[in-house]
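Residue strings, one per chain:
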Protein chains: 2
Amino acid sequence: MASKVRSDVTMADVAAAAGVSRTTVSFVLNKRQAGIPEETRTRVLEAVSTLGYRPNAGARALASQRSDWIGLLTEIVTAPFAVNVIKGAKDRAWADHKYLLIASTDDNVTDAAGLADQTVQIEKLLEQRIEGLLLAATWHRAITVPDVAREVPTVLVNCFDAAGEFPSIVPDEVGGGVVATQRLVAAGHTRIGFITFEDDIPAGQGRLRGYTRALEAAGLPFEPTLVTGGDATALGGYDAANRLLDRAERPTALFCGNDRMAMGAYDAIKERGLSIPGDLAVTGFDNQELVSAYLRPALTTVALPFEEMGAAGVATLTALIQGEEVPSLQTVSCSLLERSSV
Amino acid sequence: MASKVRSDVTMADVAAAAGVSRTTVSFVLNKRQAGIPEETRTRVLEAVSTLGYRPNAGARALASQRSDWIGLLTEIVTAPFAVNVIKGAKDRAWADHKYLLIASTDDNVTDAAGLADQTVQIEKLLEQRIEGLLLAATWHRAITVPDVAREVPTVLVNCFDAAGEFPSIVPDEVGGGVVATQRLVAAGHTRIGFITFEDDIPAGQGRLRGYTRALEAAGLPFEPTLVTGGDATALGGYDAANRLLDRAERPTALFCGNDRMAMGAYDAIKERGLSIPGDLAVTGFDNQELVSAYLRPALTTVALPFEEMGAAGVATLTALIQGEEVPSLQTVSCSLLERSSV
DNA sequence: GCGAGTTACTGAAGCGCGTTAGTCCCTCGA
DNA sequence: TCGAGGGACTAACGCGCTTCAGTAACTCGC
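The subject of this paragraph is the sheet that holds strand β2 (residues 99-104) of chain B. All names here are of chain B. With respect to topology, 6 strands assemble into an open sheet ordered β2-β1-β3-β4-β5-β11, the strand pairing being parallel. Taken across any chain shown, the strands that pair with only one partner, and hence form the sheet edges, are β2 and β11 (329-332). Shown here is a sheet whose adjacent strand axes are inclined to one another by a mean of 25°, direction ignored. Here strand β4 (residues 154-161) runs beside strand β5 (residues 168-171); their pairing, made up of 2 bridges, is parallel. Bridge pairing in β5 links Val 157 to Ile 169. Together, β1 (69-74), β2, β3 (132-143) and β4 form the strand contacts of helix α5 (residues 84-95), whose direction differs from that of β2 by roughly 155°.

Let us look at the pattern of salt bridges. Two side chains carrying opposite charge are able to pair once their charged atoms lie near each other. For the structure shown, the criterion picks out 44 salt bridges over all chains. Residues B:Glu75 and B:Arg141 are paired through a salt bridge, measuring 2.8 Å at the closest nitrogen-oxygen approach. With B:Glu75 in the loop between β1 and α5 and B:Arg141 in strand β3, the pair connects residues that are 66 residues apart, well separated along the chain. Each member of the pair B:Glu75 and B:Arg141 is classed as buried. Through salt bridges with shared partners, one network takes in A:Arg66, A:Asp68, A:Lys98 and A:Glu131.

Here we come to the domain arrangement of chain A. Residue and element names in this part refer to chain A. As far as domains go, chain A holds domain 1 (11-55), domain 2 (69-172 + 306-332) and domain 3 (173-303). The straight-line distance from the C-alpha centre of domain 2 to that of domain 3 is 31 Å. Counting residues at the interface gives 7 residues for domain 2 and 7 residues for domain 3. Between domain 2 and domain 3 lies a buried interface of about 580 Å² when both sides are counted; carbon and sulfur atoms form 60% of it. Scanning the region where domain 2 abuts domain 3 turns up 0 salt bridges.

Taken together, the contact pairs 58 residues of chain B with 57 residues of chain A. Roughly 5,500 Å² is buried in total at the junction of chain B and chain A, and carbon and sulfur atoms are behind 56% of that figure. On the surface where chain B and chain A come into contact, there are 10 salt bridges. Close ionic contact of A:Lys270 with B:Asp267 constitutes a salt bridge, the shortest N to O distance being 3.4 Å. For the pair chain B and chain A, the number of links is 17 residue pairs in polar contact (both at pLDDT 80 or more). At the level of elements, α4 (57-64), α5, β2, α6 (112-127), α9 (234-245), α10 (259-271) and α11 (289-292) of chain B are the ones that each hand at least two residues to the side of chain B that touches chain A.

Conventions used here
Residues numbered from 1 in each chain as written. Chains lettered and ligands numbered in written order. Predicted model: local features only at pLDDT ≥ 70, side-chain atom pairs only at ≥ 80, totals over all residues. Heavy atoms only, no water. Pairing = 2+ DSSP bridges. Helix = DSSP H or I, 4+ residues; strand = E, 2+ residues; numbered from the N terminus. Axes fitted to C-alpha atoms, helices over the stretch in contact; angles between N-to-C directions. Contact = heavy atoms within 4.5 Å. Salt bridge = Lys/Arg side-chain N within 4 Å of Asp/Glu carboxyl O. Buried < 20%, exposed > 50% of the residue type's maximum accessible area, 1.4 Å probe, protein only. Domains from an automatic or database assignment. Buried area = accessible area lost by both parts, 1.4 Å probe. Polar contact = N/O pair within 3.5 Å; in protein donor to acceptor, adjacent residues only side chain to side chain.

Rendered as structure tokens:
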């Protein structure tokens, strides 16, 4: 039973209690090889636990010149569904006896004000003597990396820099597009509509490419009029779906660029008295759980591998810190979540 | 323009460059009052910036015996929409020159395994010599606080301990229930249905109480058959709404216990060919943006004050650390978000 | 012209730990 | 009996910083 008192027990106290020197305590705690008989070791460990000794991480870092800290700067706080990056990173870091120092920026702005805020945050992390830095974005895109990030090994997660200067971890949008489309093909559909974003972003490009590739692989023709774009919102999806459903020969399946658009598509489909998946099969993308799991019927969608990307980010960063070579771009595959809309 | 090199510039280097002692540098950086002429001050600050000096937070903490760290342990990572607690806490902390050390537990379990994980996390935070601890929960409820939390001033956010031993910050569920109901009353409704949770949790109890209070205040009768419960999910909401709509005299408005249930209620309403808000006005609770903002029509709902609770948590904790008296329970009010469903 | 008071600064101790370079003692072979 | 060798420790320095207790030089009132 450890002491309940605010711990100001130091190694010297432990040493005194165990009747040894501070050095010996340090050796025991740091598992220094040999030279210390079992008897002494247990005596020290007992003193540690009865006194409720807790090493002072700051002092240790000072003396050893290693902090075991990794900084994680994220804009995720404003886009909750990407928060699993933190979980993945944390778990992986703990496994390596590294610890995460999480900072966050208010916005996903890339303008001057945003950069300045990020710089301040990173500087605070540097003052903590982090050994490396992870920069995580809300949505997959190119970002401008603040200059100050160059002071320490840095890895980008769910984003990349235009110059390709920093190692990055991104989702395999193309592969995700392929599996979503393949699922529809496997269900026997041959006229598959694709609802894409108007914005020219990696997610849009990649998913479309996946769609065409899967079609090609299945020997199905690519029909440009089956592809239509819109705002990446429920309303955009609603309008786009209506456009597709107004066609003389309407599609029997819809691959929606993201879950929110699928949400809108659901409305359009239901308004026409059509059933899902009976009359129309639907797949989404992103697995924004709150949306996809609660739609009726629940949406079959592709999950973005946030947790895996977080873990890969830490692994890559650790390698980088140790001076190893790391790939400049890693893609992490996106897997299909089967629910009831196909 | 600061140096680009990995900072191992120390205060001694700055002192040498500025031609003063380390003590003087320290005084300048810590804004020690008087005794230092402007000329010396600027000389030091110039040396700081040309050398790219960055104070070592660990060393500073060691010497000053203050870490300026606050620990935040959250289970929020598994429940993204509550993540604004972090934002609120971080902003408030920065304003006070305190910094947040964020840790997270995997689950919102309250069993032995969960407690053990929390304990380990807190111990790591204690090794960093945090000055205080914030424990934040995903959803408003009673929690079991790990023993180690007693080693340091601790404040609970969005949760409370049964014994009332720790100061807590919780949302004003009753007040939220009142404003949601009042909004419906203000729109002229007199037959207002309430869809509640089956589980006996603070959110359910409080919102129901708010509903009855608002009715009473408006001079409307409380009609028990207008209240029905269900799973706190879209399906639960769907079923409950159907039950209410099957009544001979069906309600003209629905106050749903949360947004997911409202999502299900929307389905039930639309299936009957009824319009929102024309035939039925609907309010939700929680403001789970992904749901409420993208429903069609967008849902008028009550927002849980996560950001404010985070900020209040830090403020309370800071007071507690300074030995001030703090209230044992603070409720933060929930405000109505007007959209298009009323 | 002298002590008191101020201004501008500095020396050195010490925060809790890791780590190097020992010291001391005990065995054991020759 | 003696010296080599190794096992079991420890003294002491240094990590980068804060802070206490000065010191030295310069006013200023009388």
